[in-house]
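Given next are the chains, with one letter for each unit.
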Amino acid sequence: MCVMRKDYFGYTENGKSHHDYRGLHINILTIISPTAATPSTPPPSSPPPTTTTTTTTTLVLLDSIEDWDDTDAVLKKELGSIYTDVPGFDEAYFGAVEGLKEVAAVVFDKLMEHDGLLYDDKIGWHGWPENAEKQRVLEWLTAAVGKIRSLAAENFSTNCSRYILRRPHQLISGSTAPRKLDTGFVGSNQVHWSNMLVLGKLEQNSEMDTALRTWLDLGRCAREVFTSQDSRRFVLGFTLCGSIMRLWSFDRVGAISSTAFNINKDGSRFVLSMLGFLRMDLKDLGYDPSIITTSNGTRFIQIMRDGKPERLIIEKLIRRSACIVGRATTCWKAHREGDKSEASLVIKDSWQYPERKDEGLLLREATDKEVVNVARYYYHGTVQVQDKDDDTQGAVRRGLDLKQGRRYRWNSNFATLDPTAKSSRGVPSTCNNTERKRTSSHLSPPGPPAKRICTSSQAESEDDPNENREHRRVVVRDYGVPIYKAKSCVSMLNAVVRCIEGYESLHAKTGILHGDISTGNLLLNEEGDSRSWQAFLIDLDLAIEDHPAQPSGAEGKTGTRPFMTIGLLLGEKHSFMHDLESFFWVILWICIHHDGPDRSRVVQDFEKLNYMTMTQLACWKKGLVVHEGDFIKKTESFTEFYQPLRPWVNHLRKIVFPNGNRWEKEDMQLYTQMKDLLSTACESLEGLDK
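Residues numbered from 1 in each chain as written. Predicted model: local features only at pLDDT ≥ 70, side-chain atom pairs only at ≥ 80, totals over all residues. Heavy atoms only, no water.

- Going by the annotation in an unreviewed UniProt entry, the name recorded for the protein chain is non-specific serine/threonine protein kinase, with Aspergillus brasiliensis given as the source organism.

Right under this line is the structure:
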C-alpha cells in the first residue's frame, strides 16, 4: 500500500493553468509545525513538498508550475470514488433543522396559492427561463429564494444575513487560485471564500448533471472553502443543470450526493432544500462547534486535563492543509487562559483512520520517557460534537448507507459507474432516461477501475463505502518554524543535527520510527524561548514501530514524496536507515529551493517529481547520487544563500551513499557519522555566518 503525505506545516505551492484560471497557486500546509500552505509563520513564496497520509491529494502538487489537467488528475485521485444518489441524503443533512418539513410544506402551499400562481403542478415554476441561460437562472433563483424566505418568515426564522451569491463572472477573494463561483449562499456582504456557506454550480444543459467537469468544478470550490475556513468539517453544495438539481457534501473521505430531481416537477423538494440552507445553523453547515468564538472575536477550545477544565486561547492559524480528502491537518498557536507567561502551545487537528494509533499516545510515551528534541505532549483527544466522537461516518454523514447509492470511479477522463455498486431503487441518477452516447467529459459505461494511490489503512479496501476518519486533536508544548526559515546556514545545519538527535532518542527509548522526515516536520526555535526545544521533530502521524508485534494499520510506503528514500520507493521494509537518508534529501531540497529565511523559488527540474511513479522517482534519485562529478554539478544550482554548503552536502552524500550505492545493512554508526559531519560543517562555517 502507498501512503502519500499531503499535510504540511508550512508551505505554499505555485502553479499555472491554461484553462480559465491562470497562475494556479495551491497552498500546502504542514502539520504541527508552523508553515505550509497556510501558515503560522507566513508561508514561503514557493511551495513545499507534498505530504499527507493517505490517498493522493491536491497537496501532492509540490513546488511546481502545474497544468490545469494535472491538477484535475490529482483532484480526481484525491476524491477517489464518488457516491451519488445516496438514499436519505436530504434527511441526513436537513433533518436537524427543527420544523423544516412542516414550514416548507406551508410555504409550498402558499406558492401554489399565491397571487399570480408562482408554482403549478403541470408546468412547474412560473418565470423559469426556458433555455436555462445562466444569468437568467441566477435572477430567477435569487427571486425564488427571496420569496421563499419572506413566506417562511411568518412561521420560521431564517438568517437575514444569508443570501444568494450572484457573481458568476467575478473572481472571489481569498482563494489559492483565481477562481469564480456561479452561486451559493454567503454569510455576509463581503464576498470572500471565508464567508461561503453553501456552494452552487449552474449549467445550462441538464446532461451536465452527470458531467465530470461539473463535479470537478464544484470540488475545486469546496477545496477553496476548506482552505479558507479553518474550522470547516464538511462543505455542502448543489448543482443546478438546466432544471435538474442535486445536493452535494464534501468531507474528509470524499464526495457524496443526493438523488437528482427536476425542480419543475418536484417543487416542494426545491423549497425544502433552499429553506434548509437558509435555516441551518453553523454546526449543520459543517463548522466545528468545539471552536468557540466570543462576542469580541476571541476564539478558544476547552479541554479536560488532569481532571480539570482548561480554556486554550487561539492566537493565530499556523497552517491549514489545502485539500478535501485526507488528514487535513490544521494547526493553531495558542496559550492557556490564566497563564501569565502565555507559554506557547500548538493545537493540531487532523482526520485519522480509526485503525491508526493515536499520535497523542505516541507523544505522551515519548514525553514520559524523556525523549529529547521531539515535540512534548500536553493533551490529546477525539473532538466531540454533541457529546459524541466526531467522525465522517457517524457525525458528518449521519450513518448514510452508501452501498445503496451509485459509485463512480475515475477512469482516465471518464467517471465510470462501478457495475458492482447498487443504485437507489426506483430513483434514476438523472432525470433523462433516454440512452445516448456521452462525450469524454460525461459518465461513461462501466469499465475497469482507475489506478489510485492506496490509503494507509490495512483495515479498509480501496474505495470502501464504510471508510471512516476520526477528528482527533493533539496539543504540544513546543513551538517553532520550519528549518528552511533558518537565518543562517549554520542555524539550519545545527537544527538538523538536533533533529537527528531527537530521532535517535525517539528510536532508542520508544522503538518508534518517525516515518516522515520532511522540511515541514523539522522545526527550529531561533527566538531564544527556553520553554521550547531549540530544534525538534513534530508529527508522529505516520510513525511506526521498529519491530511491531502486529500490523499497525499503517503498512506500506509512507512519507513525503521528495524526501522518501530510494529503498522505500522500491518497496523495502521501513528502517531507521531510511529516515536518516531522508535527512539528506531534506538538506538538498532546502539548499536548492530556499534562498534564506524569507525567499524561495520554484525549480522546474523538480516539478516532475509530482507525477513520477514510485519506481521512476527511485531511479531519478539513484541517478542523482551515484556519480560524484554529476552530483557536484547539481550543487551548482544551490541558491546563493546556501552555496557555502556545496562541499558539505557532497560529503554527506558520500556517507549516506557510500561509493554512490544504497546501504544494504543497517548500521547504527550512521547516526554518529552524520551528526559529526554536520557539526564539523557548522564549526567551519561559523565565522562565515558572522
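There's more to say after this.
## Let's talk about the environment of Thr183
- Examined against the element boundaries, Thr183 turns out to sit in strand β7 (residues 183-186).
- Residues within four places of Thr183 in sequence aside, it is in contact with Leu138, Leu141, Ile164, Leu165, Val198, Leu199, Gly200, Lys201, Leu202 and Phe238. (Helix = DSSP H or I, 4+ residues; strand = E, 2+ residues; numbered from the N terminus. Contact = heavy atoms within 4.5 Å.)

## What about the sheet that holds strand β27 (residues 522-524)?
- Spatially, β25-β27-β28 is the arrangement adopted by the three strands of the open sheet, whose pairing is antiparallel. Strands with a single pairing partner mark the edges of an open sheet, and in this sheet they are β25 (481-482) and β28 (535-537).
- Contacts from helix α9 (residues 489-510) reach β27 and β28, with the element oriented near 45° to β28. (Pairing = 2+ DSSP bridges. Axes fitted to C-alpha atoms, helices over the stretch in contact; angles between N-to-C directions.)

## Some details on the sheet that holds strand β14 (residues 299-305)
- Pairing within the open sheet is antiparallel, and its seven strands lie in the order β13-β14-β15-β16-β17-β24-β18. Where the open sheet ends on each side, the last strands, each with one partner, are β13 (292-293) and β18 (377-382).
- Of the strand pairs in this sheet, strand β16 (residues 330-336) and strand β17 (residues 345-352) are connected by five bridges, and their pairing is antiparallel. Bridged to Thr330 within β17 is Asp349.
- Where helix α7 (residues 359-368) meets the sheet, it contacts β17, β18 and β24 (470-476), and its direction lies at approximately 160° from that of β18.

## Details of helix α12 (residues 614-625)
- Taking 1.5 Å of rise per residue, twelve residues should cover 16 Å, and α12 covers 17 Å from first to last C-alpha, within 8% of that figure.
- Residues of α12 that are buried: Met614, Leu617, Ala618, Trp620, Lys621, Leu624 and Val625. The arc that holds the buried residues of α12, viewed along the axis, is 160°, so those residues lie on one side.
- Of the surrounding secondary structure, the elements contacted by the buried residues of α12 are α10 (566-569), α11 (576-593), α13 (628-635) and α14 (646-656). (Expected span 1.5 Å × (residues − 1). Buried < 20%, exposed > 50% of the residue type's maximum accessible area, 1.4 Å probe, protein only. Arc of directions from axis to C-beta.)

## Some thoughts on empty space enclosed by the protein
- For the structure on display, the rule yields five cavities of 30 Å³ or more.
- Volume-wise, the second largest cavity comes out at about 80 Å³.
- Considering the residues around the second largest cavity, the lining is formed by 15 residues, among which Asp230, Arg232, Arg320, Trp351 and His471 are closest to the centre.
- When residues of the lining of the second largest cavity are traced back to their parent elements, those giving at least two are β16 and β17.
- For the lining of the second largest cavity, the element with the most residues is β17, which contributes three residues.
- Built from parts of two domains, the lining of the second largest cavity gets at least three residues from each of domain 1 (68-279) and domain 2 (303-397 + 469-477). (1 Å grid on protein atoms, 1.4 Å probe; cavity = no way out; pocket = protein on both sides within 12 Å on 5 of 7 lines; lining within 4 Å. Points joined across faces, edges and corners; volume = space filled by probe spheres on them. Domains from an automatic or database assignment.)

## Structural notes on the side chain of Thr239
- Mapping Thr239 onto the fold places it in strand β9 (residues 235-241).
- Accessibility expressed as a relative area gives 1% for Thr239, which makes it buried.

## Observations concerning the packing of aromatic side chains
- Applying the stated criterion across every chain, the model contains 25 aromatic pairs.
- A ring pair is formed by Trp128 and Trp140, whose centres lie 5.0 Å apart and whose planes are at 85°; its orientation type is edge-to-face. Taken together, the positions of Trp128 in the loop between β5 (124-125) and α4 (134-152) and Trp140 in helix α4 put the pair twelve residues apart, joining distant regions of the chain. We note that Trp128, like Trp140, is buried.
- Aromatic pair Phe641 and Tyr642: ring centres 4.8 Å apart, planes at 80°, arrangement edge-to-face.
- A relative accessible area of 23% means that Phe641 is categorised as partly exposed.
- Clustering of aromatic rings is evident, with ring pairs tying together Phe108, Tyr119, Trp125, Trp128, Trp140 and Phe270.
- For the cation-ring pair, Arg311 lies above Phe300, with the distance from its terminal atom to the ring centre recorded as 3.9 Å. (Phe/Tyr/Trp six-rings, centres within 6.5 Å; stacked < 30°, edge-to-face > 60°. Lys NZ or Arg CZ within 6 Å of the ring centre and 35° of its normal.)

## Focus: the side chain of Asp595
- Secondary-structure assignment places Asp595 in the loop between α11 and α12.
- Residue class for Asp595 comes out buried when judged on its relative accessible area of 19%.
- Polar side-chain contacts of Asp595 include one of 2.9 Å to the backbone nitrogen of Phe641.
- Discounting residues that sit within four places of it in the chain, Asp595 has contacts with Ser600, Thr639, Glu640 and Phe641. (Polar contact = N/O pair within 3.5 Å; in protein donor to acceptor, adjacent residues only side chain to side chain.)

## Focus on the environment of Tyr353
- Residue placement: Tyr353 occurs in the loop between β17 and α7.
- Residue classification places Tyr353 among the buried positions, given a relative accessible area of 1%.
- Taking the C-alpha atoms as reference, Tyr353 lies 9.1 Å from His471; in sequence the two are 118 residues apart.

## Here we look at the pattern of salt bridges
- Counting across every chain of the model gives 37 salt bridges.
- In this structure, Lys201 engages Glu203 in a salt bridge whose closest nitrogen and oxygen atoms are separated by 3.3 Å. Comparing Lys201 with Glu203 shows no difference in burial state: the two are buried.
- Asp541 is the partner of Arg327 in a salt bridge, and the nearest nitrogen-oxygen pair spans 2.4 Å. Here Arg327 is found in the loop between β15 (308-320) and β16, whereas its partner Asp541 is found in the loop between β28 and β29 (544-545), with 214 residues between them in sequence.
- The exposure class of Arg327 is buried, given its relative accessible area of 0%.
- Sharing partners across several salt bridges, the network here consists of Lys134, Asp182, Lys201, Glu203, Arg213, Asp217 and Arg220. (Salt bridge = Lys/Arg side-chain N within 4 Å of Asp/Glu carboxyl O.)

## Some remarks on the packing of α9 against α11
- Orientation of α9 relative to α11, taken along the N-to-C sense of each, is 165°, at an axis distance of 11 Å. Judged by the angle between their axes, α9 and α11 are roughly antiparallel. Judged by the twist between their axes, the crossing of α9 over α11 is right-handed. Across the interface between the two elements, Met492, Leu493, Val496, Cys499, Ile500, Tyr503 and His507 of α9 pack against Phe576, Asp579, Leu580, Phe583, Ile587, Ile590 and Cys591 of α11. (Parallel < 35°, antiparallel > 145°, perpendicular 65-115°, else oblique. Left-handed = near helix turned anticlockwise from the far one by under 90°.)

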